[in-house]
Amino acid sequence: LVQAGAHPGPNPFAGLRLPSQKPEDQRLMYTPDELARLRAHGTAGERLMVLLGSVPGLTTTETLSLQWEHVDSRQGRLHVRGQWLPLDDELHAALREYARQRGHTDLFGASGPVFDVQGDSGLRRALFRLCKRANVPYKAWRALRNAAGWRLLQESGRADVVAERLGLSVATPVVVGAGDGPLGNLGTGALEPGVAGLSIGTSAALRQIVPEPRIDP
């Protein structure tokens, strides 16, 4: 507007940092450094939890319902979401270490739940305590899963691969949010010049769509 002569200046938005449109900036994720610190400060069970959330992207429900029968330690794979998922070297090693601590070996198969944590709240508490011990900001379990999805997207470059691995439907609708005022115009159908929408709440605002910016003199 300054360049067009429609505003006397100076630009009131000079130096303003605009919101990022990068997908990795729109959701909480543990960084690679934070994940490394969590693994370094965790017990065998805690390391396994972190890896299950941040590599194959297991949800809290999937982690808590994981059974030893779902683990194929010899071939290095995990049965979840109706499919066998390959384990990377670090996750495979963490799983075997945790199994040995629990008295399980490849020769003597185990059964029953992998973890004895009680409910989602117990899993979140375990992660919270680990974050505090590792001096990592607590971002909840979903931040582990988000990190897994972002890593898969970087590796494959395909959203459908990420959706399949994380158990998401590619048909899941994505809704873009907006401010209450503009959405009020959308809801009332006031979308053409000359048609106004009145919103009465904290304030009383009368809004109408215009084809170009207009400056209040």
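Our subject in this report is the structure included herewith. (Residues numbered from 1 in each chain as written. Predicted model: local features only at pLDDT ≥ 70, side-chain atom pairs only at ≥ 80, totals over all residues. Heavy atoms only, no water.)

1. Some thoughts on unusual backbone geometry
As a reminder, the rule being used: To qualify as a helix, a DSSP run of H or I must reach at least 4 residues; to qualify as a strand, a run of E must reach at least 2; elements of each kind are numbered from the N terminus. Any residue under 20% of the maximum accessible area for its type is buried, any over 50% is exposed, and the rest in between are partly exposed; the area is computed with a 1.4 Å probe on protein chains only.
Residue Asn135 is not a glycine yet carries a positive backbone phi of 55 degrees. Its location among the elements puts Asn135 in the loop between α5 (119–134) and α6 (142–156). You can call Asn135 exposed: its relative accessible area is 62%. Unusually for a residue other than glycine, Ala140 sits at a positive phi of about 75 degrees. Within the secondary structure layout, Ala140 lies in the loop between α5 and α6.

2. Observations regarding the packing of aromatic side chains
What counts is decided by this rule: Whether two aromatic rings pair depends on their centres lying within 6.5 Å, for rings of Phe, Tyr and Trp, where Trp uses its six-membered ring; planes under 30 degrees apart make the pair stacked, over 60 edge-to-face, and the rest tilted. Only when the NZ atom of a Lys or the CZ atom of an Arg is both within 6 Å of the ring centre and within 35 degrees of the ring normal do we say a charge sits over the ring.
For the structure on display, the rule yields three aromatic pairs. Ring geometry for Trp68 against Tyr98: centres 6.1 Å apart, planes inclined by 20 degrees, an arrangement best described as stacked. Highlighted residues: Trp68 in the loop between α3 (60–64) and β1 (71–72) and Tyr98 in helix α4 (residues 89–101), separated in sequence by 30 residues. The two residues Trp68 and Tyr98 agree in class, both being buried. Measuring from centroid to centroid gives 5.4 Å for Phe128 and Tyr138, while their planes differ by 80 degrees, and the two rings are edge-to-face. Note that Phe128 is positioned in helix α5 and Tyr138 in the loop between α5 and α6, a separation of ten residues in sequence. Taken together through their ring pairs, the aromatic side chains of Trp68, Tyr98 and Phe115 make up a single cluster. Residue placement shows Arg77 over the ring face of Trp84; its charged tip is 4.2 Å from the ring centre.

3. A few points about the pairing of strand β3 (residues 83–86)
Heads up, the rule is: Any two strands between which DSSP finds at least two bridges are classified as paired.
Taken together, the four bridges between strand β2 (residues 77–80) and β3 define a ladder with antiparallel strand orientation. Across the sheet, the residue bridging to Leu78 is Leu85, located in β3. What sits between the antiparallel neighbours β2 and β3 is a turn of two residues, in which Arg81 has the positive phi angle 60 degrees.

4. Some words on empty space enclosed by the protein
Stated precisely, the cut-off is as follows: Using a 1 Å grid laid over the protein atoms alone, points where a 1.4 Å probe fits but cannot get out form a cavity; open sets with protein on both sides within 12 Å along at least 5 of 7 lines form a pocket; any residue with an atom within 4 Å of a point counts as lining. Grid points are joined across faces, edges and corners, and a volume is the space filled by probe spheres set on the points. Residue polarity follows a fixed list, in which Ala, Val, Leu, Ile, Met, Phe, Trp, Tyr, Cys and Pro are nonpolar, Asp, Glu, Lys and Arg are charged, and the others, Gly among them, are polar.
Per the stated rule, a full pass over the model turns up one cavity of 30 Å³ or more. The space that makes up the largest cavity amounts to roughly 40 Å³. Forming the boundary of the largest cavity are Glu46, Met49, Val50, Ala126, Leu127, Leu130 and Trp141. Of all elements in the fold, only α2 (44–54) and α5 reach the threshold of two or more residues within the lining of the largest cavity. When grouped by side-chain class, the residues that make up the lining of the largest cavity number six nonpolar, no polar and one charged.

5. Structural notes on the sheet that holds β1
With respect to topology, three strands assemble into an open sheet ordered β1-β2-β3, the strand pairing being antiparallel. The sheet is open, and its two borders are formed by β1 and β3, each paired with just one other strand.

6. Things to note about the pattern of salt bridges
Opposite charge on two side chains permits pairing when their charged atoms draw close. Note the threshold: When a carboxyl oxygen of Asp or Glu is within 4 Å of a side-chain nitrogen of Lys or Arg, the pair counts as a salt bridge.
Under the criterion given, the structure shown has nine salt bridges. Two residues, Arg77 and Asp72, come together in a salt bridge whose shortest N-O distance is 2.9 Å. The shortest N-O distance in the salt bridge between Glu155 and Arg151 comes to 3.0 Å. With a gap of four residues between them, Glu155 and Arg151 both fall in helix α6, about one helical turn apart. Of the residues examined, Arg151 reaches a relative accessible area of 27% and is grouped as partly exposed.

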